[in-house]
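# Coordinate inspection notes
Now for the letters of each chain:
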Amino acid sequence: MCVSEGWPQPGSFEDLAMPLFDQLYNFAHWLTQNQEEAEDLVQETYVKALKGFGSFQPGTNFRAWMYRILRNSFLTSRTGLRATMTVALDPDVGAPELADHSGTPESILIERSNQELLQSVIAELPVNFREILLLCEVEEMSYQEIADTLVVPVGTVMSRLSRARKALRELVQLKLKRTA
Amino acid sequence: MSCQTWQAKLDLYLDGELSSDGMRAFDAHVRTCPSCAADGLARVQMKRAIKTAGQRYSPSADFRRRVQKSIAAKPQRSWTLNWRFATVAVVLLVAVGLAGTLLRRQGLARERIFTEVADLHVASMAGNTPVDVVSTDRHTVKPWFQGRIPFSFNLPELQGSDFSLIGGRVAYLNQAPGAQLVYQIRKHKISVFIFQDQLIRDGLSDNSDVSRKAAFSAGTWSQDGLRYFLIGDAAADDLRNLEILLKNAAKG
C-alpha cells in the first residue's frame, strides 16, 4: 500500500506504532500501577517491536502484536512476576457463566463522582481480570483480537471476561456497602 | 428461546460478537422483553463507565518525544556537489515545480471524490434502509446488481472473518452507476463502493491507500478496471483487512 497525506506509511514501523502510543501507555500504567515502570515497559516494548518488526506479517493485526509484546514484557518483569504469582488464576474452562444482574452497581456508577471508586476497583482486580476488561472495554478489541493478544482461545476470552465482569461487580458492591 | 438463553448471549450482543442474524434476532427480542432491555441498559452503562474510568493515564510529551526519537529511522544523506549535480538539481527543481502544480490539482480532485464518497456513505447510513437488497449472502447480493449496473464484480467469502455483509444498493459517482455494499464489523459499518475506473480515476492512484478523513477511515484502489472505495467509522486496520478480502475475491 502507498501512503496518503497525514496517514502512516505502511511498512514504516514508527508510523504504524506511534499512533498506538497513548493507549499502550495507559494499558502499561494499569498493569504496572506505577508511572516509572509504565514508561520503562512502554520503552522496552517499542524497542523490542522495532527489533522484531522484520518478523511482523503485513496484513495481520499490528495492534494485537504490539499489545502482545507489551504484555509479554510485563509478565517477565519483576512486577509482572509478582502480580501473577500472587493470583490464583481461575481455570478458564467451560461455558461463560450467566452474569449476576442485580443492577445496582451499574446505575450508581453512572455518576461521575464514583469514577474514582471504579478506578480503585479496576486497580484491585487480579491482573488477568484487569487486563482483559481494559482490552475489551477501553481498547474495544474484538474477542479474536483479545485472543491474539493474550494468546488464548476465543472461548477462554469469553469465560475470563465473564468472570472479570462478575468480579468487578462484586468488588463494587463491597466497596459501596463499606462507604454506605 | 427462553429469556435465560437470551441473557446468556447478552454480553456477546453488547460486545458486538453475535452474527448479523444473531444481532437482528436479539434486537427484536430486546424490544419485547423489559427484563432483558433493563439488563442490557445496565450493562451498557457499566461498559461506558469502565471505558471512561479506564482512560486514566496519559504519557507526558517529553516521554513521547524520547520514545519517538529512539525508534525514528535515521535519514541517510550524502552531500556531493559539483557542477554536474548542480545542473541536474536545476532541472529537477523545474520538474518539481511543474509536478507540484499537477499534484495540487490532483489533490483537489482526490479530495472532491472522497468528499462525494463520504456523502454517499453518510446518506445511506442516515436513511431508514441503508441498502436496497438485504442479505448476508453474497450469492444473493451479487446477482441482484445484474442489469442494474454495467459491470460485475466478485464478493469475498466471509466465513472465518469478523465481517458480515448487510446488503447492497446502486450508487452514483460522477454520474456513473456503481455498487454500494455495506459490511459490518462489530458495531461499525463499512461501505464498499465499486465503479468503473475509467469514469472515476481523476486524481486517484492505482495503488491502495487507506487514510483518515474526518470521522472516517477511507481507502481506494484500482483493480482490473474497477475502482474500489472503502469508507466507515471502523479502524483503519479493519478496512485494510476488508481490502485484502475484496482483492483476493476479485482475483477469482
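Owing to the predicted nature of the structure, the values given are computational and were not obtained by experimental measurement.

### Description of the pairing of strand β2 (residues 163-173) of chain B
All names here are of chain B.
- Looking at chain direction, strand β1 (residues 133-134) and β2 are connected through 2 bridges and run antiparallel. Across the sheet, V133 pairs through a bridge with G168, a residue of β2.
- Sheet analysis places β2 next to strand β3 (residues 176-185), joined by 10 bridges and oriented antiparallel. From the neighbouring strand, A171 faces β3, where its bridge partner is G178.
- Counting the residues in the hairpin turn of β2 and β3 gives 2 residues, including N174, whose phi is positive at 50°.

### Here's the deal with the pairing of strand β6 (residues 216-223) of chain B
All names here are of chain B.
- Burial analysis of β6 places 6 of its 8 residues in the buried class, which makes it a mostly covered element.
- Pairing of β6 with strand β7 (residues 226-232), which is carried by 7 bridges, proceeds in the antiparallel orientation. Bridging across to β7, Q223 finds its partner in L226.
- Remark: 2 residues form the turn of the hairpin made by β6 and β7, two consecutive strands paired antiparallel; D224 in that turn has positive phi of roughly 55°.

### Here we look at the nonpolar core
- Core analysis: the biggest nonpolar cluster contains 48 residues, and A28(A), I132(A) and L133(A) have the highest contact counts within it.
- At 8 residues, the largest contribution of residues to this core is made by helix α8 (residues 127-138) of chain A.
- Counting the residues that make up this core, at least three belong to each of domain 1 (13-85) and domain 2 (104-179) of chain A.
- Leave out the neighbours within four places in its chain, and I132(A) touches I146(A), V157(A), R160(A), L161(A) and A164(A).
- By size, the runner-up hydrophobic cluster in this structure holds 32 residues, among which are V141(B), L155(B), I185(B) and F193(B).

Parameters and conventions
- Residues numbered from 1 in each chain as written.
- Chains lettered and ligands numbered in written order.
- Predicted model: local features only at pLDDT ≥ 70, side-chain atom pairs only at ≥ 80, totals over all residues.
- Pairing = 2+ DSSP bridges.
- Helix = DSSP H or I, 4+ residues; strand = E, 2+ residues; numbered from the N terminus.
- Buried ≥ 20, exposed ≤ 12 C-beta atoms within 10 Å, placed from the backbone.
- Core = buried A, V, L, I, M, F, W, Y, C linked by C-beta atoms within 7 Å.
- Domains from an automatic or database assignment.
- Contact = placed C-beta atoms within 7 Å.

Scope: geometric values only; no functional claims are made or implied.
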